[in-house]
Amino acid sequence: MFIIDTDVHNYWSSAEVLLPYLEPYWRDFLIRGEKPGPAGSFPHGHRPWLHPEGFSRHDIRPQTAEDNYLIMKEKHLDHYNIDVAILTADEPLEASTLANYHYANALVKAYNDYMIDWWLPKDSRFKGSIIISPTDPHGAAAEIRRLGGHKDIVQVLASHGSQRPYGDPFYHPIFEACAEVGLPFAIHFGGQGGVNHNAVASGPTTYYWETHALLSQPAMTHVVSMISNGVFEKYPDLYFVVIECGVSWVPSLMWRLDANFKALRKETPWLKMLPSEYCRRNVRFSTQPLEQPQNVKHLWETLEHMDGQNTLLFASDYPHWDFDAPTNLHIPPAWREKVMGLNALEVYKRIEAPLASARVA
């Protein structure tokens, strides 16, 4: 079976790996500037809650920069026969929390160059994401155009923590650039704190586990905003990928949207289809973290209501504590080939479809 993992986090031992890629002015900021942590920490506006143990699995403890790749290769890529691993970074997504958007732009640009120079050549299975800071949409669009032609770049990626819902016209320069270079736009859990809104609408949470359970809230807002503001009418071929935000909320949200749209469609006359139809056509969801009811058939029935056979993309979230192994993914068996890889081939056009026949299940 052809496996595309749409959420693989490539770590570093220190953010100082970015120093060679920063202009002298910004290099001085990273060396001398204030950071939440010791030397080598990545600058970001922090959140109110703290993880009680750390985000990585306990069996993954790299000691050197090279270990970050070698352990991934042994414990994930080779162990599970991953054909394609889409790199989704980690700390660089937090650049969007910084008030100084010039600095945020410099940091994500440095990361993107580091990722292309250091990570992509390591393994032919790697595909990259252009990390952007959406606090400056025109700067983000310039970064998309700068790197969007690279053959091994397959998506544009932003934090799901933001200052506004992503359908807001403020962000449309980003989607224009994505459409121009032919890349999907994705968001990943993270980016709460600093200038961005909290993950939970009513206010900051106290504990990490409650925050993790509620991480779908911003994703709901962004999906509704992208649909209602006509992003998918303006850019009908744009895929919007929602990573690490759960999935079981999708059907009920679409039911509510369709009902309200039918009653109040005069507000958004630019929409030509039901909200659920835009969702099925343009929005894709990563499987991790897939909800775990006591009766798995209840999950499967929910997934059927969101056309999960066609809208789900496999993601492991390597190397995080809530990692999902390809062998333990609780989806209907008949869906496995599509969810594990074929659906992603529709979204990530630069991953060559003929590779799908290279391995027999």
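In the block above lies the structure referred to throughout.
Procedures and definitions
Residues numbered from 1 in each chain as written. Predicted model: local features only at pLDDT ≥ 70, side-chain atom pairs only at ≥ 80, totals over all residues. Heavy atoms only, no water. Helix = DSSP H or I, 4+ residues; strand = E, 2+ residues; numbered from the N terminus. Pairing = 2+ DSSP bridges. Contact = heavy atoms within 4.5 Å. Axes fitted to C-alpha atoms, helices over the stretch in contact; angles between N-to-C directions. 1 Å grid on protein atoms, 1.4 Å probe; cavity = no way out; pocket = protein on both sides within 12 Å on 5 of 7 lines; lining within 4 Å. Points joined across faces, edges and corners; volume = space filled by probe spheres on them. Nonpolar A, V, L, I, M, F, W, Y, C, P; charged D, E, K, R; others polar. Salt bridge = Lys/Arg side-chain N within 4 Å of Asp/Glu carboxyl O. Buried < 20%, exposed > 50% of the residue type's maximum accessible area, 1.4 Å probe, protein only. Phe/Tyr/Trp six-rings, centres within 6.5 Å; stacked < 30°, edge-to-face > 60°. Lys NZ or Arg CZ within 6 Å of the ring centre and 35° of its normal.

1. A short note on unusual backbone geometry
Here comes step 1: Each neighbour pair has its own omega, and for Q288 with P289 the value is 0°, a cis peptide bond.
Here comes step 2: Inspection of the secondary structure assignment puts P289 in the loop between β7 (283-286) and α11 (296-305).
Here comes step 3: In this structure, the amide linkage connecting Y318 to the following residue, P319, adopts the cis form with an omega of 0°.
Here comes step 4: With respect to the secondary-structure elements, P319 resides in the loop between β8 (312-313) and α13 (336-347).
Here comes step 5: The backbone phi angle of A89 is positive, close to 60°, even though this residue is not glycine.
Here comes step 6: Here A89 shows up in the loop between β2 (84-87) and α3 (101-119).

2. Observations regarding the sheet that holds strand β4 (residues 153-159)
Here comes step 1: What the eight strands build is an open sheet, ordered β1-β2-β3-β4-β5-β6-β7-β8; its pairing is parallel. This sheet does not close on itself; its edge strands, each paired only once, are β1 (4-8) and β8.
Here comes step 2: In terms of strand pairing, strand β3 (residues 126-131) meets β4 through four bridges, oriented parallel. Bridge pairing in β4 links I131 to L157.
Here comes step 3: The strands touched by helix α4 (residues 137-147) within the sheet are β3 and β4, with β3 carrying the most contacts at an inclination of about 150°.

3. Focus on the environment of L147
Here comes step 1: Structurally, L147 can be placed in helix α4.
Here comes step 2: Distance from L147 to I116, taken between C-alpha atoms, is 9.7 Å for residues 31 residues apart in sequence.

4. Brief notes about empty space enclosed by the protein
Here comes step 1: Under the defined criterion, the tally for this structure stands at two cavities of 30 Å³ or more.
Here comes step 2: As a volume, the largest cavity reaches approximately 40 Å³.
Here comes step 3: Every residue lining the largest cavity is listed: P48, W49, Q192, N198, A199, V200, G203, P204, T205 and T211.
Here comes step 4: Here the lining of the largest cavity is built from residues that sort into five nonpolar, five polar and no charged.
Here comes step 5: Estimates place the volume of the second largest cavity at around 30 Å³.

5. So, the pattern of salt bridges
Here comes step 1: Counted by the stated rule, this structure contains 14 salt bridges.
Here comes step 2: D59 is the salt-bridge partner of K75, the closest N and O atoms lying 3.7 Å from each other. Here the residue K75 occupies a position in helix α2 (residues 65-77), and D59 occupies one in the loop between α1 (24-32) and α2, the gap between them amounting to 16 residues.
Here comes step 3: Residue D59 is classed as partly exposed on the basis of its relative accessible area, which comes to 40%.
Here comes step 4: Note that K122 and E66 form a salt bridge whose closest N and O atoms lie 2.8 Å from each other. Of this pair, K122 sits in the loop between α3 and β3 while E66 sits in helix α2; the two residues are 56 residues apart in sequence, bridging distant segments of the chain.
Here comes step 5: Here the salt bridges do not stand alone but share partners, grouping K73, D78, D123 and R125 into one network.

6. Considering the environment of N343
Here comes step 1: Within the fold, N343 resides in helix α13.
Here comes step 2: Overall, N343 belongs to the buried group, its relative accessible area being 3%.
Here comes step 3: Sequence spacing of N343 and I3 is 340 residues, and the spatial spacing of their C-alpha atoms is 10 Å.
Here comes step 4: When near neighbours in sequence (up to four residues on either side) are disregarded, N343 contacts G308, Q309, N310, T311, L312, L313 and K338.

7. So, the layout of surface pockets
Leftover empty space is mapped by rolling, across the atoms, a probe with the size of a water molecule.
Here comes step 1: In this structure, the largest pocket spans a volume of roughly 980 Å³.
Here comes step 2: Y11, R47, F55, D90 and E91 are the residues nearest the centre of the largest pocket, which is lined by 50 residues in total.
Here comes step 3: Broken down by secondary-structure element, the contributors of at least two residues to the lining of the largest pocket are α2 and α6 (208-213).
Here comes step 4: If one sorts the elements of the lining of the largest pocket by residue count, α2 sits on top with four residues.
Here comes step 5: Its residues assigned to classes, the lining of the largest pocket comprises 21 nonpolar, 19 polar and ten charged.

8. Digging into the packing of aromatic side chains
Here comes step 1: Counted according to the given criterion, the structure contains 25 aromatic pairs.
Here comes step 2: With a centroid separation of 4.8 Å and an interplanar angle of 65°, the aromatic rings of W26 and F29 are classed as edge-to-face. Here F29 and W26 lie together in helix α1, a separation of three residues that amounts to about one turn.
Here comes step 3: The class for W26 is buried, based on a relative accessible area of 13%.
Here comes step 4: Here F29 falls in the partly exposed class, since its relative accessible area comes to 27%.
Here comes step 5: When the ring of Y69 is compared with that of F126, the centres are 5.9 Å apart and the planes differ by 75°; the resulting orientation is edge-to-face. On the criterion of sequence distance, the pair formed by Y69 in helix α2 and F126 in strand β3 is long-range, its members being 57 residues apart. An identical accessibility class is assigned to Y69 and F126; each is buried.
Here comes step 6: A connected cluster of aromatic rings, assembled from ring pairs, spans W12, Y21, F42, Y69, Y111, Y114, W118, W119 and F126.
Here comes step 7: Sitting over the face of the ring of F323, R57 holds its NZ or CZ atom 4.6 Å from the ring centroid.

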